[in-house]
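# Commentary on secondary and tertiary structure
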Amino acid sequence: MPLPKIPTKPATILLAKDYPTAEPGKSPVRAAARAENDPVEDLISGAAVAAPKAAKARKSKAALLAEPPAREDTPVAAPAAAPAPARAEKPAKPGKAAKDGAAAKLRETDMNEPHPAKHKPVEVNVKSQASRKADTSGTTKVFVLDTNVLMHDPTSLFRFEEHDVYLPMMTLEELDNHKKGMSEVARNARQVSRTLDALIANVDDDAIEAGIPLAKLGNKDAKGRLHFQTRLNGAALPEGLPSGKADNQILGVVRALEAEQPGRAIVLVSKDINMRIKARALGLAAEDYFNDHVLEDTDLLYSGIVQLPDDFWAKHGKGVESWQEIKGGYSSTFYRVTGPVIPTLLVNQFVFLEPKNGEAPLYAQVKQINGKTAVLQTLRDYSSNKNNVWGITARNREQNFALNLLMNPEVDFVTLLGQAGTGKTLLALAAGLAQVLETKLYNEIIVTRVTVPVGEDIGFLPGTEEEKMSPWMGAFDDNLEVLMKSDGDAGDWGRAATQDLIRSRIKIKSLNFMRGRTFVNKFLIIDEAQNLTPKQMKTLVTRAGPGTKILCLGNIAQIDTPYLTEGSSGLTYVVDRFKGWSHGGHVTLARGERSRLADHASDVL
């Protein structure tokens, strides 16, 4: 059974007074369905006809909906809270009037309280009707690309598999307008231009008219053809749309292609929401570009932790081997187990089993997998004071897993995911200080993060590189204060000396100057990694030299970078790509330890 997922979006809260009220002999569900011509009415009617016996055995829907939502903190009298009789049409007993009146008062007090609904909204990437028909019939489509798609992902030309790609002349014109500058958009525009130049090189005019194979440059997955707009299209747009606007000209090209190729699906692909809305309003097929997403649903993201079934030892205990090894002055127990659960596990994944019958729990890490056989290693208990890391102990199971990764010199890449207050930065700093100042495994700690403001930018920051970065490192300063206060017997002079020593071993660097660098024997912490693009993440991770450990910390529910989503974040990208690597590990921290206020705010806001 996997751990519960972290809620990433607020739930829709409905007040109790907004719920439909039941009238005698009428169902509010049916009334609402009739009012809106909803098919729910047909479903309810069909269910009532198909199962009349089951309807007699339980309360009527009107009686169920008439009851107020139950609350744990409201002291309701026992008769009022008791279930209604099976047949709601019977008259109530005379002695029950006073009790019903008291229950009615309690209901009135509940009317202004929000109903505790915590359902996550369903997110579905819906294709256009033309795309669905083409998928059903097995025919290829023609994707007309908007300029923003190419500037968002320069490799998008080769992401449409066997389908054809069509570039209007206005798309090329806008690419030319955005190619100047040092921004990410300008770099992408220049990269697309170079790719198009390589595709069109040594091609005859007739071949351009027929389409250029997208696999020409070695992209074997792209089996379609690239088409350019080689002649003006005479499709007229509805009156009121200015013809001089680039978006409207692209819409005219899509309409002209539908007229030229009536039996083929023509789909406009754009990252611009208003562009897609206008296309759908004109009856044109339009879709968002989501091929850059690592996962369609972030609930499927690798958590790094698996709860073993209760019958794990019953199915995997036969022929189990166990032995002990001493590594780094700590004795670990190893188990070699075989069974049906093993193929679903990954190397360096954490497994745990907490029996409810009083048996000892199991907390282990998968070290090797060979078919249906795996080697599990028991973990070091960092929740005990004797195993504290720079005075910090693990407060929950996930933090213990994280410290086992952070303190393991065989693990070179660690990603920690979790909501605010789960202890990501504190654990990373404590592990870094312990391995830099105590065991001297690394030379120094390097801290960096992307400088994306939450609100308005405050403008120019004076000073050196480290002074410019210091306002962005408030989280590290707060955690350093906690770590420096752990030694209460040192006195003021001792704490001051420790603080100077710690400050001398921590360097704050900017992402802007990371290109071309190589870090040797460094403990590199990348904070707020959810704001990095996959390309920026690749640039940072490839800076690692011999003996360097890289930590990526972040919360994909708090992305501040424009045009970056949970599915396309660089943090999601590396978590998915590094899972199962023998020198990498990931843990999703599920429980906040900052304060009860922060935990409650993370849940309800």
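Remember, predicted model here, so these are calculated numbers, not experimental data. (Residues numbered from 1 in each chain as written. Predicted model: local features only at pLDDT ≥ 70, side-chain atom pairs only at ≥ 80, totals over all residues. Heavy atoms only, no water.)

## With respect to the overall build of the protein
Where we set the bar: The helix count covers DSSP runs of H or I at least four residues long, the strand count covers runs of E at least two residues long, and both are numbered beginning at the N terminus. Relative accessibility under 20% of the residue-type maximum defines a buried residue, over 50% an exposed one, and the middle range a partly exposed one, all with a 1.4 Å probe and only protein chains included. We call two residues in contact when some of their heavy atoms are within 4.5 Å. Every accessible area reported is derived by Shrake-Rupley at a probe size of 1.4 Å, with residue values counting cover from the shown protein chains alone.
For the protein, the helix and strand inventory stands at 22 helices and 18 strands. When burial is assessed residue by residue, the protein has 39% of its 605 residues classed as buried. Considering only residue pairs separated by 6 or more positions, the protein has 68% of its internal contacts joining residues 24 or more positions apart. By element, 54% of the accessible surface of the protein is carried by carbon and sulfur atoms, the whole surface being about 34200 Å².

## Thoughts on the packing of helix H9 (residues 169–177) against helix H12 (residues 246–260)
Operational definition: Interaxial angles span 0 to 180 degrees and are taken between N-to-C directions of axes, which are lines fitted to C-alpha atoms, for helices over the stretch in contact. When describing relative orientation, an angle under 35 degrees is termed roughly parallel and one over 145 degrees roughly antiparallel, while 65 to 115 degrees is termed roughly perpendicular and anything else oblique. Here the nonpolar group is Ala, Val, Leu, Ile, Met, Phe, Trp, Tyr, Cys and Pro; Asp, Glu, Lys and Arg are the charged ones; every other residue, Gly included, is treated as polar.
Closest axis-to-axis distance for the H9/H12 pair is 9 Å, and the angle between their directions is 150 degrees. Taken as axis vectors, H9 and H12 run roughly antiparallel relative to one another. Along the contact surface, H9 presents Met170, Thr171 and Glu174, while H12 presents Ala246, Gln249 and Ile250. Residue composition of the contact of H9 with H12, grouped by class: 3 nonpolar, 2 polar and 1 charged.

## A closer look at the packing of helix H15 (residues 397–406) against helix H16 (residues 424–438)
The description of two helices packed together rests on the angle between their axes and the distance between the axes. Basically, it comes down to this: Crossing handedness follows the turn of the near helix against the far one: under a right angle anticlockwise gives a left-handed crossing, and clockwise gives a right-handed one.
Two elements in contact, H15 and H16, have axes separated by 10 Å at closest approach and are oriented at 35 degrees. Once H15 is placed against H16, the crossing between them reads as right-handed. Together, Gln399, Ala402, Leu403 and Leu406 of H15 and Leu427, Ala428, Ala431 and Gln435 of H16 make up the contact between the two elements. Within the contact of H15 with H16, the residues separate by chemical class into 6 nonpolar, 2 polar and no charged.

## A few points about the packing of aromatic side chains
This is how the line gets drawn: Each Phe, Tyr or Trp ring, with Trp reduced to its six-membered ring, pairs with another whose centre is within 6.5 Å; inter-plane angles below 30 degrees give stacked pairs, above 60 give edge-to-face pairs, and intermediate values give tilted ones. Consider the ring centre and the ring normal. A charge sits over the ring if Lys NZ or Arg CZ is within 6 Å of that centre and within 35 degrees of that normal.
Under the definition given, this model contains 10 aromatic pairs. Taken together, the ring pairs in this structure connect Phe143, Phe160 and Tyr289 into an aromatic cluster. The cationic tip of Arg397 hangs over the ring face of Phe352; the distance from NZ or CZ to the ring centre is 3.9 Å.

## Overview of the sheet that holds strand E14 (residues 444–449)
Operational definition: Strands are labelled as partners when DSSP assigns at least two bridges between them.
Within the open sheet, the 6 strands sit side by side as E15-E14-E16-E17-E13-E18. Their pairing is parallel. The open sheet terminates on both sides in strands that have one partner only, identified here as strand E15 (506–508) and strand E18 (584–589). Strand-to-strand twist of the sheet, defined as the mean angle between neighbouring strand axes without regard to direction, takes the value 15 degrees. Pairing geometry for strand E13 (residues 413–418) and E18, over 6 bridges, is parallel. Each bridged residue has a counterpart across the sheet, and for Val414 the counterpart in E18 is Gly585. Lying over the sheet, H15 contacts E13, strand E17 (549–554) and E18, oriented at roughly 160 degrees with respect to E18.

## Describing the sheet that holds strand E1 (residues 141–145)
Ordered by their spatial adjacency, 6 strands build an open sheet running E3-E4-E2-E1-E5-E6, and the pairing between neighbours is mixed. Two strands in the sheet have a free side with no partner beyond their single neighbour: strand E3 (212–213) and strand E6 (285–287). Examined bridge by bridge, strand E2 (residues 164–167) and strand E4 (residues 225–228) share 3 bridges and lie parallel to one another. For Tyr166, the partnering residue across the bridge sits in E4 and is His227. Against the sheet, helix H10 (residues 184–200) touches E2, E3 and E4, its axis set at about 100 degrees to E4.

## Considering the nonpolar core
Let me state the cut-off plainly: Residues grouped as a nonpolar core are buried Ala, Val, Leu, Ile, Met, Phe, Trp, Tyr and Cys residues, joined through side-chain atoms within 4.5 Å.
Counting residues in each nonpolar core, the largest one holds 41 residues, and the members touching the most others are Leu406, Leu433, Ile445, Leu483, Ile502, Ile506 and Val587. Discounting chain neighbours no more than four positions away, the residues touching Ile502 are Trp390, Leu433, Leu437, Leu480 and Met484. Phe143, Met151, Leu175 and Ile208 belong to the second largest nonpolar core, which has 25 residues in total.

## Here's the deal with the confidence of the model for the protein
Under the convention used in this document: Each residue carries a pLDDT score, the predictor's own confidence in it, on a scale running from 0 to 100.
Put simply, the protein has an average pLDDT of 76, and 72% of its residues get 70 or more. Note that residues 1–16 has pLDDT below 50 and, in this model, 35 contacts with residues that lie over four places away or in other chains. The low-confidence segment residues 22–124 (pLDDT under 50) makes 67 contacts with residues lying over four places distant or belonging to another chain.

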